[in-house]
Structures are given as structure tokens and as C-alpha cells.
Amino acid sequence: MDAREIIRYIRDAKKKTPVKIYVREKEPLDYGDAKVFGAGDKIVFGEWEALRPIIEANADKIDEIVIENSSRNSAVPMLEIRDLPARIEPGAIIRDQVEIGERSVIMMGAILNIGAVIGSDTMIDMGAVIGGRAIVGNNCHIGAGAVLAGVVEPASAVPVVVEDDVLIGANAVVIEGVHIGKGAVVAAGAVVISDVPANMVAAGNPARIVKAKDEKTIAKTTLEADLRKL
């Protein structure tokens with residue numbers, strides 16, 4: 001998706017405030033179009049705007065109630081992951097309109113924003129942030145806590161592009177518009193503000209090219225296919 005498509009998607013989306021309500025009734029209540037589970041104590045799933053007037057109007061018919069919600073006026077739902085041919089670990093946050101390739105691994109706490117594209121056999125490690133519209137190729141590793149800047153706004157901004165076979169170290173930051181060439185390595189903690197050519201190693205803040213990838217670097221950065229098996 002380009003930025004304008006994402007902006008239109010968010011603009012036109014019905015804003016939602018979903019709630020989960022645990023309720024013990026004194027008398028049976030009608031919760032309208034909400035989904036209700038249980039015959040005694042009940043669990044109710046629905047939109048707060050629809051359920052709030054029901055709860056308030058029937059307060060005298062409710063013995064106990066607990067209301068949970070995790071978002072307010074949210075425009076972008078979470079990606080449906082049940083049938084993805086990838087490994088998604090608990091606690092990953094993946095928004096709708098994200099593409100994830102086969103055998104890729106999304107680890108705990110990783111965040112993938114709308115419009116991001118992840119290739120096949122790529123690992124997004126714990127706590128990494130893949131910003132809106134960022135593109136990551138095949139057989140890459142984005143290290144724990146790394147950030148690929150998002151560019152939904154301004155719409156004219158150019159997204160981060162990471163080509164195939166790239167390793168980005170833990171806590172590295174790649175700003176918008178940067179292109180990381182095939183087979184490159186970005187050291188842990190680097191702040192990348194300009195392009196990194198293919199098969200080069202970048203390190204530092206701001207990052208600079210420190211050497212071409214050699215046998216020693218290859219030995220230290222080889223990815224493990226076994227971690228991508230499903």
C-alpha cells in the first residue's frame with residue numbers, strides 16, 4: 001500500500017471501541033447485537049457505544065460488572081493470523097494490511113505497523129518495531145529492539161527498504177528513506193541515516209561503512225534455517 005491508500009483506509013474505517021464485559025445479572029438483560037456467552041454469569045463482546053446505554057439503563061438489574069477494553073476509536077484492526085504460513089509468537093502486535101511471507105518468524109513483543117511487508121524466512125526479533133510501509137526482504141534478521149522507521153505521515157516520505165539476506169543488529173535504528181542493500185550487516189546500536197550498499201557492514205551513530213562483509217562476518221551472522229521450520 002502507498003501512503004495515500006493507508007490514509008484513506010484509516011480515514012474511512014469505522015472507528016471502534018470494543019469491550020469485553022463480565023456481568024452477573026439480577027435479571028436477564030438484552031445486549032442487542034453484542035455476542036453473549038454463558039447462561040448465568042455472562043461474558044459480553046461488543047461495541048462500547050452500543051453497550052454503554054444498555055448498561056447504564058439497567059444498572060439496577062446488575063449485581064457485579066467488570067468492563068475491559070484495549071483501544072479507543074481504533075481505525076485499524078489486528079491482522080488475522082490464524083492461517084498464516086509463518087510462526088507468530090505470543091505478544092506480537094501485527095496490524096491489518098501487513099504482509100508476512102512463508103516461514104517468517106515474528107517474536108514476542110514485535111510490532112508491525114500497517115502497510116509493512118515482511119518477506120519469506122525472515123525473523124523479526126523480540127521488541128523490534130517495523131514501521132508503517134517498511135519493506136523487509138527474504139531471509140533477513142531484524143534484531144531485538146531494532147526500529148525501522150515508519151512513513152505513513154507525511155505521505156511523501158520514502159519507506160525503509162531492506163533487501164534480502166540482511167542482518168540488522170539489536171537496538172539499531174534505520175530512519176525513513178534508507179535503503180539497505182542485499183547481504184548487508186548493520187551493527188547493534190547503529191543509527192542508519194544513509195543507504196548501506198550490498199554486502200557492506202555499517203556501524204556507529206551515525207552509521208558509516210566500516211568494511212566489506214568478509215568470511216569472519218559471514219560466520220558471525222549466518223542465519224539458522226532450523227528456526228524457520230514450521
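Structure shown above.
All of these numbers come straight from a predicted model, not from anything done at the bench.

Reading the values: the criteria
- Residues numbered from 1 in each chain as written.
- Predicted model: local features only at pLDDT ≥ 70, side-chain atom pairs only at ≥ 80, totals over all residues.
- Heavy atoms only, no water.
- Patch = residues over 30% accessible without salt bridge, like charges linked within 9 Å, V, L, I, M, F, W, Y side chains within 5 Å.
- Areas by Shrake-Rupley, 256 points an atom, 1.4 Å probe, with all protein chains shown as cover.
- Salt bridge = Lys/Arg side-chain N within 4 Å of Asp/Glu carboxyl O.
- Buried < 20%, exposed > 50% of the residue type's maximum accessible area, 1.4 Å probe, protein only.
- Helix = DSSP H or I, 4+ residues; strand = E, 2+ residues; numbered from the N terminus.
- Pairing = 2+ DSSP bridges.
- Phe/Tyr/Trp six-rings, centres within 6.5 Å; stacked < 30°, edge-to-face > 60°.
- Contact = heavy atoms within 4.5 Å.
- Arc of directions from axis to C-beta.
- Polar contact = N/O pair within 3.5 Å; in protein donor to acceptor, adjacent residues only side chain to side chain.

1. Side note on a nonpolar patch on the surface
A cluster of nonpolar side chains, contributed by M78, I93 and I111, occupies part of the molecular surface with about 240 Å² of accessible area. Under the relative-accessibility criterion, I111 is labelled partly exposed at 34%.

2. Thoughts on unusual backbone geometry
Negative phi is the rule for most residues except glycine; trans is the rule for most peptide bonds. In this structure, P154 follows E153 across a cis peptide bond, with omega equal to 0°. Here P154 is to be found in the loop between β15 (147-148) and β16 (161-162). The step from N205 to P206 runs through a cis peptide bond, and the omega angle for that step is 0°. Following the sequence through the fold, P206 ends up in the loop between β22 (200-203) and β23 (208-212). Positive phi, close to 65°, is recorded for N171, a residue that is not glycine. With respect to the helices, strands and loops of the structure, N171 is situated in the loop between β17 (167-168) and β18 (173-174).

3. Re the sheet that holds β18
Strand order in the open sheet formed by six strands is β6-β9-β12-β15-β18-β21, and the pairing between neighbours is parallel. Single-partner strands in this sheet number two, and they are β6 (93-94) and β21 (191-192). Inspection of the sheet shows β18 paired to β21 by two bridges, in the parallel sense. From the neighbouring strand, V173 faces β21, where its bridge partner is V191.

4. A look at the packing of aromatic side chains
Scanning all chains against the criterion turns up one aromatic pair. Pairing F37 with F45 gives two aromatic rings, centres 5.9 Å apart and planes at 85°, and the pair type is edge-to-face. A relative accessible area of 46% places F37 in the partly exposed class. With a relative accessible area of 35%, F45 lands in the partly exposed category.

5. Some thoughts on the environment of A188
Relative to the helices and strands, A188 resides in the loop between β20 (185-186) and β21. You can call A188 exposed: its relative accessible area is 58%. On a C-alpha basis, the gap between A188 and S70 in space is 33 Å, while along the polypeptide they are 118 residues apart. Setting aside its immediate chain neighbours within four residues, A188 contacts G169 and A170.

6. Notes on the pattern of salt bridges
Pairing of side chains with opposite charge becomes possible as their charged atoms draw close. Applying the stated criterion across every chain yields a total of twelve salt bridges. Among the salt bridges present, the one from K42 reaches E25, with a minimum N-O distance of 3.2 Å. In this pair, K42 is assigned in strand β3 (residues 42-47) and E25 in strand β1 (residues 18-25), connecting sequence segments 17 residues apart. Judged by relative accessible area, E25 falls into the buried class, the value being 18%.

7. Quick notes on helix α2 (residues 48-57)
Note on helix geometry: an α-helix contains 3.6 residues per turn, so any two residues three or four positions apart are oriented the same way. Within α2, burial applies to W48, L51, I54 and I55. Buried positions in α2, seen along its axis, are confined to an arc of 130° and lie on one side of it. For α2, exposure combined with an orientation more than 90 degrees from the buried face picks out E56 and A57. Next to the buried residues of α2 lie β1, β3 and β4 (62-68).

8. Quick notes on the side chain of D96
Checked against the element boundaries, D96 lands in the loop between β6 and β7 (99-100). Of the polar contacts made by the side chain of D96, one reaches the side chain of Q97; its length is 3.3 Å.

9. Some words on the pairing of β23
Sheet analysis places β22 next to β23, joined by four bridges and oriented antiparallel. Within β23, the residue paired with V201 across the bridge is K211. Between the end of β22 and the start of β23, which pair antiparallel, lie four residues, with G204 showing a positive phi angle near 100°.

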